[in-house]
Every structure is written in C-alpha cells, then in structure tokens.
Amino acid sequence: MSTTPVKVAVTGAAGQIGYSLLFRIASGALLGPDTPVELRLLEITPALKALEGVVMELDDSAFPTLAGVEIGDDPNVIFDGASVALLVGARPRTKGMERGDLLEANGAIFTVQGKALNEHAADDIRITVTGNPANTNALIAKSNAPDIPAERFSALTRLDHNRALAQLAKRAGVHVTDLKKMTIWGNHSATQYPDIFHAEVAGKNAAELVASDAEGTAWLENEFIPTVQKRGAAIIEARGASSAASAAAATIDHTRDWLRGSADGDWLSMAVVSDGSYGVPEGLISSFPVTTKDGNWEIVQGLEINEFSRARIDASTAELGEERDAVRALNLLG
Ligand SMILES: NC(=O)C1=CN([C@@H]2O[C@H](COP(=O)(O)OP(=O)(O)OC[C@H]3O[C@@H](n4cnc5c(N)ncnc54)[C@H](O)[C@@H]3O)[C@@H](O)[C@H]2O)C=CC1
Ligand SMILES: O=C([O-])CC(=O)C(=O)O
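Note that the coordinates shown come from a computational prediction; the quantities given were computed from them, not determined experimentally.

Participant: Where do I start with helix H1 (residues 16–26) in this structure?
Facilitator: Helical periodicity: at 3.6 residues per turn, an α-helix aligns residues three or four positions apart in one direction. Turning to H1, its buried residues number three or more, namely Ile 17, Gly 18, Leu 21, Leu 22, Ile 25 and Ala 26. The buried residues of H1 occupy one face: seen down the axis, they fall within an arc of 135°. Looking at the buried side of H1, the elements it contacts are strand E1 (6–11), strand E2 (37–42), helix H2 (48–60), strand E3 (66–72), strand E4 (84–87) and helix H10 (245–260). Looking at the residues trailing H1, positive phi occurs at Gly 28, about 100°.

Participant: Whenever I open this one, the site of ligand 1 confuses me. Can you help?
Facilitator: Around ligand 1, a shell composed of 28 residues is seen, among which Gly 12, Gly 15, Ile 17, Gly 89 and Ala 90 lie nearest. Residues belonging to the shell around ligand 1 are distributed by class as follows: 14 nonpolar, 12 polar and two charged. Split by domain, the shell around ligand 1 shows at least three residues from each of two domains, domain 1 (6–155) and domain 2 (158–324).

Participant: Just to check I follow, could you spell out the UniProt feature "active site" (unreviewed entry) in the protein for this structure?
Facilitator: According to UniProt, the "active site" (unreviewed entry) feature falls on His 188. For His 188, the position within the fold is in the loop between strand E8 (183–185) and strand E9 (193–195). Residues within four places of His 188 in sequence aside, it is in contact with Ala 134, Asn 135, Ala 155, Leu 156, Thr 157, Asp 160 and Ala 271.

Participant: Please clarify how the pairing of strand E13 (residues 285–293) should be interpreted in this entry.
Facilitator: Consecutive residues of a regular strand have side chains that alternate between opposite faces of the sheet. Burial within E13 is extensive, with seven of its nine residues counted as buried. In this structure, strand E12 (residues 268–273) lies alongside E13, joined through six bridges in antiparallel fashion. Across the sheet, residue Met 270 finds its bridge partner in E13, namely Phe 288. Of the pairings in the sheet, the one linking E13 to strand E14 (residues 296–299) comprises four bridges and is antiparallel in character. Bridge pairing in E14 places Val 290 opposite Ile 299. Taking the residues that link successive antiparallel strands as the turn, the E13-E14 hairpin has two residues, and the phi of Asp 294 there is positive, at about 50°.

Participant: I would appreciate a short explanation of the sheet that holds strand E7 (residues 179–180) in the present structure.
Facilitator: Strand pairing in a sheet relies on backbone hydrogen bonds. The paired strands run either parallel or antiparallel. Taken together, the three strands give an open sheet; going across it, the order is E7-E10-E11, and neighbouring strands pair in antiparallel fashion. Single-partner strands in this sheet number two, and they are E7 and strand E11 (204–205). Across two bridges, E7 lies against strand E10 (residues 200–201) in antiparallel orientation. Within the sheet, the bridge partner assigned to Lys 180 lies in E10 and is Glu 200.

Participant: Explain the site of ligand 2 to me, please; I cannot follow it from the model alone.
Facilitator: Taken together, the neighbourhood of ligand 2 is formed by Asn 132, Leu 159, Gly 232, Ala 233, Ile 235, Ser 242 and Ser 243. Per-element tally for the shell around ligand 2: the top contributor is helix H9 (residues 231–239), with three residues. Grouping the amino acids of the shell around ligand 2 by side-chain chemistry returns three nonpolar, four polar and no charged.

Participant: Is there a simple way to think about the domain arrangement of the protein in this case?
Facilitator: In many analyses, interface size is given as the accessible surface area lost on bringing the parts together. Assigned domains within the protein: domain 1 (6–155) and domain 2 (158–324). Placing a centre on the C-alpha atoms of domain 1 and another on those of domain 2 gives a separation of 24 Å. Between domain 1 and domain 2, the contact holds 25 residues from the first and 26 residues from the second. Secondary-structure elements contributing two or more residues to the side of domain 1 that touches domain 2 are H1, E4, strand E5 (126–129), helix H5 (134–143) and strand E6 (153–155). Considering every element that reaches the side of domain 1 that touches domain 2, the biggest residue donor is H5, with six residues. Looking at the side of domain 1 that touches domain 2 residue by residue, the class counts come to 14 nonpolar, seven polar and four charged.

Participant: Before we go on, may I ask you to explain the packing of helix H4 (residues 99–120) against H5 in this structure?
Facilitator: Geometry of a packed helix pair, given as the angle between the helix axes and the separation of the axes. Two elements in contact, H4 and H5, have axes whose closest approach is 7 Å; the angle formed by their N-to-C orientations is 40°. On the basis of their axis angle, the class for H4 and H5 is oblique. For the element pair H4 and H5, the recorded crossing hand is right-handed. Contacts between H4 and H5 involve Leu 103, Asn 106, Gly 107, Phe 110, Thr 111, Gln 113, Gly 114 and Leu 117 from the former and Thr 136, Asn 137, Ile 140, Ala 141, Lys 142 and Ser 143 from the latter.

The rules we used
Residues numbered from 1 in each chain as written. Chains lettered and ligands numbered in written order. Predicted model: local features only at pLDDT ≥ 70, side-chain atom pairs only at ≥ 80, totals over all residues. Buried ≥ 20, exposed ≤ 12 C-beta atoms within 10 Å, placed from the backbone. Helix = DSSP H or I, 4+ residues; strand = E, 2+ residues; numbered from the N terminus. Arc of directions from axis to C-beta. Contact = placed C-beta atoms within 7 Å. Near = placed C-beta within 6 Å. Nonpolar A, V, L, I, M, F, W, Y, C, P; charged D, E, K, R; others polar. Domains from an automatic or database assignment. UniProt positions renumbered as here; feature names shortened; annotations may be inferred. Pairing = 2+ DSSP bridges. Axes fitted to C-alpha atoms, helices over the stretch in contact; angles between N-to-C directions. Parallel < 35°, antiparallel > 145°, perpendicular 65-115°, else oblique. Left-handed = near helix turned anticlockwise from the far one by under 90°.

Shown next, in the form of structure tokens:
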C-alpha cells in the first residue's frame, strides 16, 4: 500500500447519499485497495452532530484503507489539499419553491464552494457535482474557480446512464455487462436524452435490435426514454425519499472511471464543459459520451446524430442554457 493518503472531500456528508457513499470510499471502492484515503467531510453546522455519529460508524468499520477523517462546516478548511471533491450537499426543493428559488439557494452554496476549491484544493483536484441541479451547480462552482482548469469540473449523469443500461438489459433479456456505448445527453433532469442509437447489445446495434420487434419503436419512445427521464421521481414516489444508494454508487462509478479510465471499446456518460461538440453551446456543462484515461476525459467524436436524437439533445441543452441565463442574472457566475 502507498503511504500518503489521498484527500477526498465530500459535502452533504450527513445526508442520505453520504451515508452510503462514505463507507464505499472508505472501503477502497473509489481509489482501489492499495490507496489509503483521508475523508474530509463538510456539513452545515446543525448537521455536524449527526455527522459525528457517522464518523463513529466509520471508525467502527475498521477499514484498512481509511487513514483519517476530518469534519467541519468551513469549506476553506475541509477542501484544503483535496485531490477529489464530491459535491453532494445541496438545498432540496421544498414546498412553494420555484425553480429560480432553488437555483438561487444552491447558487449561494456553489459560489462559496467554488471559491474555496480555487484557493485550497490540491493541484490535481477533480470535482464531481451530484447535488441538484447538478449541471448548473457545477457551472457555478467552475465559474467561481478561475484557477482550476474547466475540465476538472463535472456533474453526475452516470446514474441516468446506469438506469438506461438496466432498462435496456431488461428489454433485451441480457445482463448489463452485455451492453456498451450507452449515452446520456444534456441535463440531469427530465429533459435528458438517453440515446441507444450507438449502443450495442452483445455486439449488435441496440436501436436496430429494438426496432426489429414490432413494438420496439413505440417502446423506445413511450417507455424507455420517459422511464429513464422520470426514474428519480418514480423512486421518490415508491420510497418516499430520493435515490440515495444508487446515487452514491453512480458517484463512485463516475469518479473512479474518470481517475482510472474507461474500458476499451466502451464509453461513459459524464456532464462536462462543452467545447461546442454536437452543437451543444460552448461552456455549458452538458452530458456527453466520453472516454477517460488517467483523470482526463475526451468527448467521443464523429457520431452520427439522426433527427430523432437531434431534437431531444437540443431540447435538453436549451434547458441548460435557460438555467445558465437564470444564474447569470443572479450574478452567480463569478
Ligand atoms: N445527480 C444525481 O444523479 C442525483 C442527485 N441527487 C441530489 O443529491 C443531493 C443530495 O441528496 P441527499 O443526500 O438525498 O440529500 P439529503 O438532504 O439527505 O442530504 C443533503 C445534505 O447536504 C447538507 N448540506 C446542505 N447545504 C450544505 C452546504 N452548504 N455544505 C455542506 N453540506 C450541505 C445537508 O445538511 C444534508 O445533510 C440532492 O440535491 C439531490 O437532489 C440525488 C440523487 C441523484
Ligand atoms: O429526482 C431527484 O430529485 C433525485 C435525482 O436527481 C435522481 O434520482 O435522479
């Protein structure tokens, strides 16, 4: 085992996702079994007592890879020296709140955290935003961290990607490991577009396979796409609380694959800063098909986008543009 622990900061650490995420990071699921990790956990002041309880449980788990835990309510302290920051903590929408109110409440969190990362994070920092609205929160954090390269910021659409894999595997009667090249485009919201036109089922094109069955095209449009888009709401309806363990698992998958690389012949979905690829306006944090290697990502190039996909990608990126304009009007973009 190497000796210097990697500092991993997690915000919203006493929340539901945190309760699942911290134990997986501490057990080596993020950085592997040979890398000691120091957890640096941020919470709001009233949640620190609950967080102390979680730390007691981390202690009681006696994880061989957990080298230390620091907790606090000051991002300037908690982000100090962090190489990975998982920004999970966010203000959820409550009764009577409009979308604009949510953007403003979270804007206050992500401006402060962007600035603190800019000042205190390690030079090799990689940032994953899970807290909603994830894409626009990542944009706010990035805009308030001018010294951190833009490509170090990302937002989570891996849960959507994994949900899409699960739905397609069920339909095709295969295991998720038989699937490759799934893509989520756009925003982590109900406008996102899960695209199977480039996906493969055991080496065969997924869209062609689906269309070969009489009801396949209707399934794609009326079942698959809306099921993936609305899965978050369906979980809330069934569980009485939003996805937590699956969101934690996806946060690990996303960040682990970013650091350690995507599999040969496959790609991942990550929301990253657009360079204008596929007509997505430059500067938006939008989900794309990406390959990753050694902490870097590249948008997969050269995919043919048919009319069906074009309209859906455009709708989701238009929503991202509206969110950007709303937070710009609130002076949250640095
Ligand atoms: N991108 C994705 O795929 C998904 C995103 N989410 C989002 O993740 C976020 C967290 O979800 P849960 O853990 O279920 O929520 P939760 O409400 O259980 O936990 C959030 C925690 O964040 C903390 N927090 C609030 N402001 C903070 C700040 N300024 N600094 C540090 N901590 C702060 C709260 O005290 C709370 O403990 C929500 O925004 C949720 O909508 C949830 C599922 C999937
Ligand atoms: O829908 C929500 O509020 C939580 C979420 O982002 C998801 O489960 O995808």
